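Structural overview
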Amino acid sequence: MNSARQIKLRLAAPKPRNPLVVAAAQRKAGSHRKSKSAERQAQKAQLKRELKGL
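Here we summarise the structure given alongside this text. Because the structure is predicted, anything quoted here is derived from the model rather than measured.

1. With respect to the overall build of the protein
- Counting secondary structure elements, the protein contains two helices and zero strands.
- Over its C-alpha atoms the protein spans a radius of gyration of 28 Å, topping by over 25% the 10 Å that the globule rule assigns to 54 residues.
- C-alpha atoms of the protein, sized along the principal axes, occupy 90 × 40 × 10 Å.
- Counting across all 54 residues of the protein, residues that qualify as buried make up 0%.
- Looking at the protein as shown, the accessible area adds up to about 6,500 Å², and 56% of this sits on carbon and sulfur atoms.

2. Re the environment of Ser 35
- Tracing the backbone through its elements, the reader meets Ser 35 in the loop between α1 (19-27) and α2 (36-53).
- Separated by 24 residues in sequence, Ser 35 and Leu 11 have C-alpha atoms that sit 42 Å apart.

3. Here's the deal with a nonpolar patch on the surface
- Together, Leu 47, Leu 51 and Leu 54 give the surface a local cluster of nonpolar side chains, amounting to about 370 Å² of exposed area.
- Along the polypeptide, Leu 54 turns up in the segment after α2.
- Its relative accessible area of 85% is what places Leu 54 among the exposed residues.

About the thresholds
- Residues numbered from 1 in each chain as written.
- Predicted model: local features only at pLDDT ≥ 70, side-chain atom pairs only at ≥ 80, totals over all residues.
- Heavy atoms only, no water.
- Helix = DSSP H or I, 4+ residues; strand = E, 2+ residues; numbered from the N terminus.
- Rg over C-alpha atoms; globule rule 2.2 N^0.38 Å.
- Buried < 20%, exposed > 50% of the residue type's maximum accessible area, 1.4 Å probe, protein only.
- Areas by Shrake-Rupley, 256 points an atom, 1.4 Å probe, with all protein chains shown as cover.
- Patch = residues over 30% accessible without salt bridge, like charges linked within 9 Å, V, L, I, M, F, W, Y side chains within 5 Å.
- Salt bridge = Lys/Arg side-chain N within 4 Å of Asp/Glu carboxyl O.

Function-wise, these values are silent; they only describe arrangement.
Below you can see the structure in the form of structure tokens.
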């Protein structure tokens, strides 16, 4: 007595994305400067170069 039942899964379709939001998000770009960690790394590399030249 093997009764195989088929179970159908219904997945909700994702909400459609608004194509205008992408353009709006790209317009509000931040400042064009290095991050604090990048500045720290650059300072550290500069110090190493200066110490190597001594």
